[in-house]
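Below are the chains, spelled out letter by letter.
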Amino acid sequence: CRVQQWDSEEPVPRAELLAGVAGKRGLLCLLSDRIDREVLEAAGPGLKVISTMSVGFDHLALDEIKKRGIRVGYTPDVLTDATAELSVALLLAACRRLPEAVEQVKNGGWTTWKPLWMCGYGLSDSTVGIIGLGRIGQAVARRLKPFGVKKFLYTGSRPKPESAAEFEAEFVPLMKLAEESDFVVVTCALTPATQGMCNKDFFTRMKKTSVFVNTSRGAVVNQEDLYDALAHGQIAAAGLDVTTPEPLPTDHPLLSLKNCVILPHVGSATYATRSTMAVLAADNLLAGLRGEPMPHELLL
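Residues numbered from 1 in each chain as written. Predicted model: local features only at pLDDT ≥ 70, side-chain atom pairs only at ≥ 80, totals over all residues. Heavy atoms only, no water.

The name recorded for the protein chain in an unreviewed UniProt entry is Glyoxylate reductase/hydroxypyruvate reductase, from Lophotis ruficrista. The annotation that UniProt attaches to the protein chain under Sequence similarities (unreviewed entry) is "Belongs to the D-isomer specific 2-hydroxyacid dehydrogenase family." (UniProt positions renumbered as here; feature names shortened; annotations may be inferred.)

Caption draft 1: Looking closely at the overall build of the protein chain. Of the regular secondary structure elements, the protein chain holds 11 helices and 11 strands. Radius of gyration (C-alpha) of the protein chain: 21 Å, near the 19 Å computed for a compact globule of 300 residues. Looking at the protein chain residue by residue over its 300 residues, the buried ones come to 45%. Considering only contacts in the protein chain between residues 6 or more positions apart, those separated by 24 or more positions represent 61%. Accessible area for the protein chain stands at about 15600 Å²; split by element, carbon and sulfur atoms hold 55% of it. (Helix = DSSP H or I, 4+ residues; strand = E, 2+ residues; numbered from the N terminus. Rg over C-alpha atoms; globule rule 2.2 N^0.38 Å. Buried < 20%, exposed > 50% of the residue type's maximum accessible area, 1.4 Å probe, protein only. Contact = heavy atoms within 4.5 Å. Areas by Shrake-Rupley, 256 points an atom, 1.4 Å probe, with all protein chains shown as cover.)

Caption draft 2: Structural context of the domain arrangement of the protein chain. Under the domain assignment used here, the protein chain contains domain 1 (14–77 + 270–298) and domain 2 (79–262). Opposite the 11 residues of domain 1 that make contact, domain 2 presents six residues. Taking both partners together, domain 1 and domain 2 bury about 800 Å²; carbon and sulfur atoms supply 56% of that area. Considering only the side of domain 1, the residues that lose the most area to domain 2 are Val 55, Asp 58 and Asp 77, jointly responsible for 53% of the buried surface there. Summed over the shared surface of domain 1 and domain 2, the number is two salt bridges. The residue Arg 135 makes a salt bridge to Asp 77 at a minimum N-O spacing of 3.2 Å. (Domains from an automatic or database assignment. Buried area = accessible area lost by both parts, 1.4 Å probe. Salt bridge = Lys/Arg side-chain N within 4 Å of Asp/Glu carboxyl O.)

Caption draft 3: Representation of the environment of Val 149 within the structure. Position of Val 149 relative to the elements: it lies in the loop between helix H6 (135–144) and strand E5 (151–155). For the pair formed by Val 149 and Phe 167, sequence separation is 18 residues and the distance between their alpha carbons is 9.9 Å. If we skip the residues at most four places from it in the chain, Val 149 touches Leu 123, Ser 126, Val 128 and Leu 144.

Caption draft 4: The environment of Arg 158, seen in detail. Within the secondary structure layout, Arg 158 lies in the loop between E5 and helix H7 (161–164). Through-space distance from the C-alpha of Arg 158 to that of Phe 171 is 8.4 Å; in sequence the pair is 13 residues apart.

Caption draft 5: Geometry of the layout of surface pockets. Size it by volume and the second largest pocket reaches roughly 390 Å³. Together, 22 residues line the second largest pocket, and Arg 97, Glu 100, Lys 258, Asn 259 and Cys 260 are the ones closest to its centre. If you list the elements that add at least two residues to the lining of the second largest pocket, you get helix H4 (80–95), helix H5 (98–107) and strand E10 (260–262). Here the lining of the second largest pocket takes five residues from H5, the largest share from any one element. Grouping the amino acids of the lining of the second largest pocket by side-chain chemistry returns 15 nonpolar, three polar and four charged. (1 Å grid on protein atoms, 1.4 Å probe; cavity = no way out; pocket = protein on both sides within 12 Å on 5 of 7 lines; lining within 4 Å. Points joined across faces, edges and corners; volume = space filled by probe spheres on them. Nonpolar A, V, L, I, M, F, W, Y, C, P; charged D, E, K, R; others polar.)

Below, the structure is given as structure tokens:
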């Protein structure tokens, strides 16, 4: 293959992408690249395969891609464990107020032992609600179970009894999950149905002592409503690995809150996982160019 590469850690500028894709048969992209109608038209009819180095595909205009008969490769499974680990780390950081505690040590706020100082909420004997019991949702539940979680709830487009059996998880409507969960973990895909799903109504139903964690996509959450819920004590804390937009502006209101832990979308950021993702994305692309079955093809 003749490869034209954008050789930088920074995303390819739009103009460079449009110029570079012209006449190409294959495209390997990242989730930071918006592959829409404009890009597909710039590529021309020769484009046969798109391979994205991500499990999410909300940056791809799938309707336009399907219309043109272009095959799509993606990288599920390989980032499941890393993202689940990060979800648990983020949940613990938020519920036990770890960033806040570190700050207290650094700024002299740590004076003596006090009975209720820096207290948070624990997982033991709790109810955990998982929005989207797919690969990552199941991996999160698997890791949380040994913490002594009393009950798992889950919601999604349909019940998944075969997946839920391992955790004795109960399928419930979204609002019932909000009302009964001590911890809510969002691991669903971003679709028209899930966009803005976690909104004022949702947060109002949650317990004042509950913790909200999102490692899926930022747009699943209405961030203004989340800010209000956190600022007014409607919920106890939140941990986000994903936001809208990304990166989040440094003056964003959420960043002013002590009870909100925000990470820069590092769910899959282990050296081993990123390396495996890169190889799989390349293998998908090459298989698509050869007209062979891809290791992981998104069936449109």
